[in-house]
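# Fold and geometry: a report
Chain residues, written in single-letter form:
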Amino acid sequence: MRRFSAEYLEHTRRGMWEDDRDALGELNLPSRERVLDVGCGTGELTRVLAAETDATVIGVDADSELLSVARGEERGAGAGPQIGYLAGDATRLPVADGAVDLAVCQALLINLPDPTAAVRELARVSSDLVAAVEPDNADVRVASTVDAEERLEREAREAYVAGVETDVALGDRVRDAFDAAGLVDVRTRRYVHEKRTEPPYAEAALRSAARKASGAGLADHRDELVAATSEDAYDDLRGRWREMGREVVDAIGAGEYERVEYVPFDVTVGRVAGGD
Ligand SMILES: C[S@@+](CC[C@H](N)C(=O)[O-])C[C@H]1O[C@@H](n2cnc3c(N)ncnc32)[C@H](O)[C@@H]1O
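An unreviewed UniProt entry annotates the protein as Methyltransferase type 11 of Halorubrum coriense DSM 10284.

Here we take up the site of the ligand. In the region of the ligand, 20 residues are neighbours, and Arg-13, Gly-39, Asp-61, Ala-90 and Gln-106 sit closest. A distance of 3.4 Å is found between a nitrogen atom of the ligand and a backbone nitrogen or oxygen belonging to Ala-62. Protein coverage of the free-state accessible area of the ligand, which is 590 Å², stands at 97%. Residue composition of the shell around the ligand, by class: ten nonpolar, five polar and five charged.

For the rest of this paragraph, the subject is the packing of helix α5 (residues 147-163) against helix α10 (residues 231-253). Running from amino to carboxyl end, α5 crosses α10 at an angle of 145°, the nearest separation of the two axes being 10 Å. Between α5 and α10 lies a crossing whose hand is left-handed. On α10, the residues touching Ala-148, Glu-149, Leu-152, Glu-153, Glu-155 and Ala-156 of α5 are Leu-237, Arg-240, Trp-241, Met-244 and Val-248. When the residues that make up the contact of α5 with α10 are grouped by side-chain class, the tally is seven nonpolar, no polar and four charged.

Below, the discussion takes up the side chain of Arg-157. With respect to the helices, strands and loops of the structure, Arg-157 is situated in helix α5. Although Arg-157 lies buried, it forms no salt bridge, and the closest oppositely charged side chain, Glu-153, sits 4.4 Å away as judged by the N-O distance. Polar contacts involving the side chain of Arg-157 include one to the main-chain carbonyl oxygen of Val-140, which spans 3.2 Å. When neighbours within four sequence positions are excluded, Arg-157 is seen to be in contact with Asn-137, Val-140 and Val-142.

The biggest cluster of nonpolar side chains holds 50 residues, and the ones touching the most others in it are Leu-36, Val-38, Leu-93, Leu-109, Phe-178 and Leu-183. The leading source of residues in this core is α10, at seven residues. Both domains that meet at this core, namely domain 1 (6-136 + 171-193 + 264-271) and domain 2 (138-166 + 199-257), each give it at least three residues. If near-sequence neighbours (up to four positions away) are discounted, Leu-36 is found in contact with Ile-58, Val-60, Leu-93, Val-95, Val-100, Leu-102, Ala-103, Val-104 and Val-125. With 29 residues, the next largest nonpolar core counts Leu-27, Val-35, Val-140 and Tyr-191 among its residues.

Calculation criteria
Residues numbered from 1 in each chain as written. Predicted model: local features only at pLDDT ≥ 70, side-chain atom pairs only at ≥ 80, totals over all residues. Heavy atoms only, no water. Near = heavy atom within 4 Å. Polar contact = N/O pair within 3.5 Å; in protein donor to acceptor, adjacent residues only side chain to side chain. Areas by Shrake-Rupley, 256 points an atom, 1.4 Å probe, with all protein chains shown as cover. Nonpolar A, V, L, I, M, F, W, Y, C, P; charged D, E, K, R; others polar. Axes fitted to C-alpha atoms, helices over the stretch in contact; angles between N-to-C directions. Helix = DSSP H or I, 4+ residues; strand = E, 2+ residues; numbered from the N terminus. Left-handed = near helix turned anticlockwise from the far one by under 90°. Contact = heavy atoms within 4.5 Å. Buried < 20%, exposed > 50% of the residue type's maximum accessible area, 1.4 Å probe, protein only. Lys, Arg positive; Asp, Glu negative; His and termini not counted. Salt bridge = Lys/Arg side-chain N within 4 Å of Asp/Glu carboxyl O. Core = buried A, V, L, I, M, F, W, Y, C linked by side-chain atoms within 4.5 Å. Domains from an automatic or database assignment.

Quick look at the structure:
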């Protein structure tokens, strides 16, 4: 199973769904009674779902460390019993057939060797809707005032997509998985998560720039990058990456740095045939 740090999830999800929740409209959240968020991690989507419905929302994940962080967020926010968390595997959910009326996941399918098996399991536990919110990593774009950043991020992203074991750029194949799982009325809407860095710089932007200059951000994906290229090519990329990071740090110091990252997420929704 691919593992993620709580810091990585908090960093990549910051601001997500805060600007626009239209693409979640097909989930009919206000009318839901029981919702399952599978592969919930630190509960980034779980909390968004809970804010849009009075339903009970249960997050499930196979990583108990991430679930502890998610539970801590709930305690910190003084949240009531609307949200709960359960340990479990997406392909063998510890939930009865038809126990919820919406089973949803975000950035889970791209990390699984057999996404269709997980969609079948989501369909088993839902009496009505199944939804998947999956990034299209092949279509991510970055615009930056530091020229080298756009080039190097593209180079690293292309190598990562080629080197990672699962299909992290599923795109339309999410719909194929829904069809294979027997879901009907399948429809897709796109949400683009825009991550902006501009003056005045938030603490997170300063941390992110420091991670670029040290190469730490790239090192998180070392195995995938080496798998797609070679140790030497990775070391070469890392050297150029750190140089670019130092440029970013200098530009921040001068108050001249701006960056926007556009991460497209496709929200695919289907109905269980013969369901509610
Ligand atoms: C990229 S993270 C997404 C987390 C969260 N949904 C979000 O959008 O912030 C993928 C999550 O899927 C979980 N995961 C991976 N394989 C799993 C499996 N077989 N069963 C349950 N969870 C799994 C990971 O532990 C991780 O929390």
